[in-house]
Amino acid sequence: LQNVRIDPSSISFSMWKDIPVPFYMSVHFFEVLNPKEVLKGAKPVLNQRGPYVYREFRYKTNITFHDNDTVSFLEYRKLFFQPHLSNGSEEEYIVVPNILMMGAAVMMENLPNFVKLVLSGALAGLKQQAFMNRTVGEIMWGYEDPLIDTINALVPGLIPFKGKFGLFVELNNSNSGLFTVNTGMKNISKVHMVDSWNGLKKVNYWRSSECNMINGTSGEMWPPFMSPTSLEFYSPDACRSMTLVYEQSGKFKGVPTYRFVAPKTLFANGTDYPPNEGFCPCMQSGIQNVSTCRMNAPMFISHPHFYNADPVLVNAVEGLHPSKDEHALFLDVHPMTGIPMNCSIKLQLNLYIKQVSGIMQTGKIKPVVLPLLWFAESGSIEGSVLKQFYNNLVLIPSLLDYLQYIFLGLSVPLIISAAVLMAKSQGTAAEKSPLHPATQSKPPSSSETTPLLHDAGTLSQDDAEA
């Protein structure tokens, strides 16, 4: 237990501080094959591109221990493109929705018509269209777009940022917020449990107290002696706490594990699962509206290919093939220590697009939740770390179990031999001792003719007293 606590003297501290597990982020884009037809009201036809794979390094800084059995830290991520693991390069072009323009159009839908007409004229002057052809690197890490300044000039505060726009521009070389978690020094059952995030005990993105709660850990480790029920963690990327449920027991390279997966209720709407009502306004089950924590942009998260979602979402486009093996997320955790051995967290980003009256660039696009990309963050313990883990938590305990049975097996014949030798020695001593005169004429009692049984009974009594 001492080695599970967050303590500089514990074995697991260096693993917690600088995660030695090689993490990889694989990104798959959905290319729109028929953009002109979609503008006329046709169903989008999608083609999955990728994966584009990045090696992910995680490390903690600003580690500060507090007197109340907690520690604060910032965790940073650095991503490096891996050409040899990818199916394509960052220089490849892909046709996707013009995320800024289409997002802004939906956000401005309820504004006065003259404002939308002015924006539409400005978009025409900037030669903005509903779909764009940009490189993977630009979509991921950002590109300069004069549209940002134009929108900010027409509708101040609608897009509260400047500079480059990219879906992952804030992910690389950035932290996920200031976590304060329990160290487990006083109560091991609370180790890794989040005390606060960015100084908050709960967030204010959602419409219910339950949905705003910060539950579980930061998603890296859990308290030891886990039960096969569920686990929780707070995800800054999803702006919410998530609960995974136990699916099955197994082994990862010889190490016992519990597998936890996402329940169907994770992204269910408030109608199908009332506790999720706080995450609404909702659409179909299987997607979650994250606009309140994404600058009010009409963004939704889901499982890849709308796995476990309402079939209406899958059928609204062509080219999706949801599959549990390829698109379900999972965590394989060693239940004794709460340390993940193997994991793959998968999420899909979607943009809600539609025709917006007054903005001619939106054409006759029918309302649709359009998949943009999905990504998987995967990692597993391997190499020397796995060997040390296996030796300390599997091999040595197993050897100790075997040894106790070996010692037990050896002790039984030794006890029997000792009993026989003791009985024989007492029998020999009885034969050599002189008999009392008054007893010479009496027939010997049964106990005197069976010294082994007599001594065995004495031995049993001794054993009982022992």
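These figures come from a predicted structure and were not determined experimentally. (Residues numbered from 1 in each chain as written. Predicted model: local features only at pLDDT ≥ 70, side-chain atom pairs only at ≥ 80, totals over all residues. Heavy atoms only, no water.)

### Let's talk about the environment of Leu244
Argument step 1. Topologically, Leu244 is positioned in strand E9 (residues 240-252).
Argument step 2. Of the residues examined, Leu244 reaches a relative accessible area of 1% and is grouped as buried.
Argument step 3. Here the alpha-carbon distance between Leu244 and Lys264, two residues 20 residues apart in the chain, equals 10.0 Å.
Argument step 4. When residues no more than four places from it in sequence are discounted, the contact partners of Leu244 are Ser230, Leu231, Phe233, Phe260, Val261, Ala262, Pro263, Leu329 and Leu331. (Helix = DSSP H or I, 4+ residues; strand = E, 2+ residues; numbered from the N terminus. Buried < 20%, exposed > 50% of the residue type's maximum accessible area, 1.4 Å probe, protein only. Contact = heavy atoms within 4.5 Å.)

### Brief notes about helix H6 (residues 147-154)
Argument step 1. Taken as a whole, H6 has its buried residues at Leu147, Ile148, Thr150, Ile151 and Asn152.
Argument step 2. In this structure, the buried side of H6 is in contact with helix H3 (99-107) and helix H4 (113-125).

### Overview of the packing of H4 against H6
Argument step 1. H6 packs onto H4 with a crossing angle of 160° between their chain directions and a minimal axis gap of 11 Å. If you check the angle between H4 and H6, you find them roughly antiparallel. Crossing angle aside, the handedness with which H4 passes H6 is right-handed. Of the residues in H6, those in contact with Val118, Leu119, Ala122 and Leu123 of H4 are Leu147, Thr150, Ile151 and Leu154.
Argument step 2. Looking at the contact of H4 with H6 residue by residue, the class counts come to 7 nonpolar, 1 polar and no charged. (Axes fitted to C-alpha atoms, helices over the stretch in contact; angles between N-to-C directions. Parallel < 35°, antiparallel > 145°, perpendicular 65-115°, else oblique. Left-handed = near helix turned anticlockwise from the far one by under 90°. Nonpolar A, V, L, I, M, F, W, Y, C, P; charged D, E, K, R; others polar.)

### Examining the nonpolar core
Argument step 1. Met25, Phe29 and Leu231 are the most contacted members of the largest nonpolar core, which has 115 residues in total.
Argument step 2. Residue contacts for Phe29: discarding those within four places in its chain leaves Asn47, Gln48, Arg49, Tyr52, Ile94, Val136, Ile139, Met140, Leu372 and Leu373. (Core = buried A, V, L, I, M, F, W, Y, C linked by side-chain atoms within 4.5 Å.)

### As for the pattern of salt bridges
Argument step 1. By the definition in use, this model includes 15 salt bridges.
Argument step 2. Residue Lys324 is joined to Glu247 by a salt bridge in which the shortest nitrogen-to-oxygen separation is 2.8 Å. With Lys324 in helix H9 (residues 324-327) and Glu247 in strand E9, this residue pair connects regions lying 77 residues apart in the sequence.
Argument step 3. Classification of Lys324 as partly exposed rests on a relative accessible area of 47%. (Salt bridge = Lys/Arg side-chain N within 4 Å of Asp/Glu carboxyl O.)

### Remarks on the packing of aromatic side chains
Argument step 1. This structure, assessed with the given rule, holds 20 aromatic pairs.
Argument step 2. Taking 6.5 Å as the distance between ring centres and 70° as the angle between the ring planes, the aromatic pair formed by Tyr258 and Phe260 counts as edge-to-face. Considered together, Tyr258 and Phe260 belong to a single accessibility category, that of buried residues.
Argument step 3. Every member of this aromatic cluster is reached through a ring pair, and the members are Phe13, Trp16, Phe65, Phe73, Phe179, Trp197 and Tyr234.
Argument step 4. Its end group placed over the ring of Phe57, Arg55 keeps NZ or CZ at 4.1 Å from the ring centre. (Phe/Tyr/Trp six-rings, centres within 6.5 Å; stacked < 30°, edge-to-face > 60°. Lys NZ or Arg CZ within 6 Å of the ring centre and 35° of its normal.)

### So, the state of the cysteines
Argument step 1. Counted under the stated rule, the structure contains 2 disulfides.
Argument step 2. Across the disulfide from Cys280 sits Cys282; the S-S distance is 1.8 Å. On the sign convention where negative is left-handed, the bridge of Cys280 and Cys282, at about -90° about the S-S bond, is left-handed.
Argument step 3. You can call Cys280 buried: its relative accessible area is 8%.
Argument step 4. When the bonded cysteines of the protein are counted from the start of the sequence, the pairing works out to 1-4, 2-3. (Disulfide = S-S within 2.5 Å.)

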